[in-house]
Amino acid sequence: VLDFAEVSLGTGGDVRCGRCHGAADAVTFLDAATLAERIAEAAAGAGAPGPNVALTGPEPFDHPELPLLVAAAARAGVARLRIDTDAAALSNHGNAAGSIAAGVRHVRVTLLGGSSGTHDALRGTPGACHAALAGLRAYTRAAAEQDAAVCATVLVPVCRHNIRDLPAAVAAAGEAGACSVLLRVEDGGADFDAALPWMTAACDTGVVNGVWVELEGVPYCMAPGAPIHLADTHRSRAGMHGPRCAGCPLVSFCAGGPADASADVLASLSAPDGAAALVGRVSLVRGAGA
Amino acid sequence: VKAPMKVALLALNSPGYQSLALGYLRAYAQADRRLAGRVAFQTLDLTVEADPWWVAWRVLGLEPDVLGVSVTCWNARAVYEVCRIVGQVRPECAIVLGGPEVGAIAEDVLRANAAVHAVVRGEGEATFADVLDTIARGGKAWRVEGVTARRGDDAVSAPDRALIADLDTVPSPYLTGLLAPVDGGSYLETYRGCPHRCAYCFEGKGYGRLRHFSEARVAAEIDAVAGAPGVRSFSFIDPVFNLTPERLRTLSGLLAPHAARGVRLHTIEVDIERIDAEAAVLLAAAGVGSVETGPQTVGHAALEKSRRGFDRERFENGVRALRALGISVECDLIVGLPGDDIFDFLAGLRFVLSLDPGALQSSTLHVLPGTDLWERAAELGLSFDSEPPHEIVATPDIAFREMRRAEVFADSVQRAYRARV
């Protein structure tokens, strides 16, 4: 719901599935002066509520001048500064407490699965899952100790290799203190029909554990369980396009329908024969438009 | 000489707060000449988080002849448990309940809670004093106006009691020294009633027309609370602080000297659509640091069914006027109002967030006894928990599972919004 202007710290180092993408690219960082300028520009261009800025790209705790970047965000008047991290560094040497004290009130941790068996295997780094969850716990614990309001979220890039682990990933995120989980489908070859029950289970796991689960990259026609979980119900509809949309004749409607149409369309999807209703509705709209 | 009747007054408050209601009850009863020398009071201002068995232990330690408890929807379950334990251990103690949770369903409360002897309906001060006098004389509580009480196996309701015409006849708990002001946890009240008639709220319906405390009384209470050692902030319990421009000017003038010393007002409730630049300046001068307001919903059908108005432009202007002066505006939304579907609720969230108001509070609808929604629940197709706090279960437009999803979603949005430098 809250928009963050993203500032990438450099290139490479993404936490992603090694079986889909191969080995991670080498990391290069931009210098602090350049990044400070970009942070200021991003803050100036951000809308309400905000300004909100996220530091993305390679692991921020590996940037040699991260404290300067956080200070630059404060100088730029950033209301919410988010750091996208693998979280391993958060449990080291008071990093969590120091980050919160410096003004980092949002972190987004990337998990490829809810257990070492999935996350570590797909990332190719033994111990990474344990380190990520420990970092997340350290961050939320430090926030409680400082009586600071923070928001920890977890990003799960969904691919064919971790689909069955989605409910466990949500449960693990919730146990570690995350308030929401974003399931982002990026795999063009993923079998959505097979994935649907697991995404539905992940959403329900979140609800019963008090963790919100949001789906991105899931087409309109694949709304699992309840449309409210679709990113599109409260964000731009660009996020509703998944790899499966490429050959869909309805894609232009999904992308360019009237702004207030999404509620109706999504409501129709929750009907027992939602997909059929959607097709009928789109035909009607197109006919009327012509 | 007969020993005085021992009366214990119990409130289970939100942490950090004290019960203004108990202060009023005790101040009024202590000023009642019929009770002078015949009744001795003890007040237990505890928190709703306390273990009911421990609360009962505290109550029983006072060996009360009468236990009076203030009941709201959010502390009712704990109160009933305390009553059950106290009733088991000390059956001779007359347990009298009052407050918005029990007044409208008094007979049901008596039927469901064998330990409870009587329920005070509506405004409590005069009725409770009469109940004490009646018990002290060995009379029948069910004959007291405004009371529902046991007569044998039955629950009998006496006629309603008229509202207190002159609120200044209710002694101030602060000016009488019964309530010691607490930093951040003290409330003042300048009037009773509400100009609005929101269908989900008890305030407008329960107290009828507006009745005001005198300006002199309000001024004296402000000085007593704002001037108390250690008090840096307090609040008002008034449903609409900016009731009229004239009244706002008066209150601002009374509060300004204390604001100049750094005393702040927190979370006062305002009608945001009636706040312009001038009103915002008055609120700032009064030391207002934060206000609480609607819109509760932006859905047309829900607004109509809830008997609420909403002018988007005036609402936006009101928020902007306050934010320009650094006043945080807590915007409230309710999940599950009749007429709203899930997308109406999401539209409300988007609207509120677009204003960057400073604070956001989303809560699930409680169908409260005595409210318009309580009475029209069947007509509106509302399914709600009959047990307090009477949370909505489902509506014709939002199914049970959708409602729970919306709650979790709203909570995550609140947490994300609140997390900022």
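Here is what the cut-offs are and how they apply
Position labels on residues start from 1 in each chain and follow its written sequence. Going through the entries in the order they are written, you letter the chains from A and number the ligands from 1. A pLDDT threshold of at least 70 governs which residues receive local features in this predicted model, and a stricter bar of 80 or more applies before side-chain atom pairs are shown or counted, although totals over entire chains, interfaces and linings include all residues. Excluded from the side-chain calculations are hydrogens and water; all other atoms, namely the structure's heavy atoms, are used. By convention in this document, the label disulfide applies to cysteine sulfur atom pairs within 2.5 Å. Exposure categories follow from relative accessible area, calculated using a 1.4 Å probe and restricted to protein chains: below 20% of the type maximum is buried, above 50% is exposed, and the middle band is partly exposed. Think of pLDDT as the predictor's per-residue confidence, scored from 0 to 100. In DSSP terms, a helix is any run of H or I states spanning at least four residues, a strand is any run of E spanning at least two, and both are numbered starting from the N terminus. Throughout, a residue-residue contact means that at least one pair of heavy atoms, one from each residue, lies within 4.5 Å. We call a set of buried Ala, Val, Leu, Ile, Met, Phe, Trp, Tyr and Cys residues a nonpolar core when their side-chain atoms join them within 4.5 Å. Between any two strands, pairing holds if DSSP finds at least two bridges. In the sections that follow, a salt bridge refers to a side-chain nitrogen of Lys or Arg positioned within 4 Å of a carboxyl oxygen of Asp or Glu.

Caption draft 1: Representation of the state of the cysteines within the structure. All names here are of chain A. Per the stated rule, a full pass over the model turns up zero disulfides over all chains. Here Cys129 is not disulfide-linked; the sulfur of Cys17 is the nearest cysteine sulfur, at 14 Å. Judged by its relative accessible area of 2%, Cys129 is buried. Summary of cysteine pairing: Cys179 is not part of a disulfide, and the nearest cysteine sulfur, belonging to Cys151, is at 3.1 Å. Residue class for Cys179 comes out buried when judged on its relative accessible area of 1%.

Caption draft 2: Looking closely at the confidence of the model for chain A. Residues and elements named next belong to chain A. Of the residues in chain A, 77% have a pLDDT of 70 or more, and the chain-wide mean is 83. Taking the mean pLDDT of every element in chain A, the minimum, 37, falls on helix H11 (residues 274-289) and the maximum, 98, on strand E6 (residues 104-110). Contacts for the low-pLDDT stretch residues 256-262, under 50 throughout, to residues beyond four places or in other chains number seven contacts. Low confidence marks residues 274-290, where pLDDT is under 50. Its contacts with residues over four positions away, or in another chain, come to 16 contacts.

Caption draft 3: Inspection of the nonpolar core at higher detail. The biggest cluster of nonpolar side chains holds 85 residues, and the ones touching the most others in it are Phe234 and Phe241 of chain B. Contact partners of Phe234 of chain B, with chain neighbours within four places excluded, come to Ser186, Leu188, Val225, Ala226, Leu255, Val263, Arg264, Leu265 and His266 of chain B.

Caption draft 4: Fine view of the sheet that holds strand E11 (residues 233-236) of chain B. All names here are of chain B. With parallel pairing, the three strands of this open sheet are ordered in space as E8-E11-E12. The sheet terminates laterally at strand E8 (187-188) and strand E12 (264-265), the two strands that pair on one side only. As defined by bridge partners, E8 adjoins E11 across two bridges and the pair is classed as parallel. Looking at the pairing, Tyr187 lines up with Ser235 of E11.

Caption draft 5: Examining the confidence of the model for chain B more closely. For chain B, per-residue confidence averages 96 on the pLDDT scale, and 99% of positions sit at 70 or higher. In the predicted assembly, ipTM is 0.87 and pTM is 0.89.

Caption draft 6: Representation of the pattern of salt bridges within the structure. Counted according to the given criterion, the structure contains 37 salt bridges over all chains. For Asp86 of chain A, the salt bridge goes to Arg123 of chain A, with nearest N and O atoms at 3.2 Å. Pair noted here: Asp86 of chain A is in the loop between strand E5 (80-85) and helix H4 (95-102) and Arg123 of chain A is in helix H5 (residues 116-123), with a separation of 37 residues, a long-range link. Using a relative accessible area of 12% as the deciding quantity, one classes Asp86 of chain A as buried. For Arg123 of chain A, a relative accessible area of 27% corresponds to the partly exposed category. Here Arg249 of chain B makes a salt bridge to Glu246 of chain B, at a shortest N to O gap of 3.9 Å.

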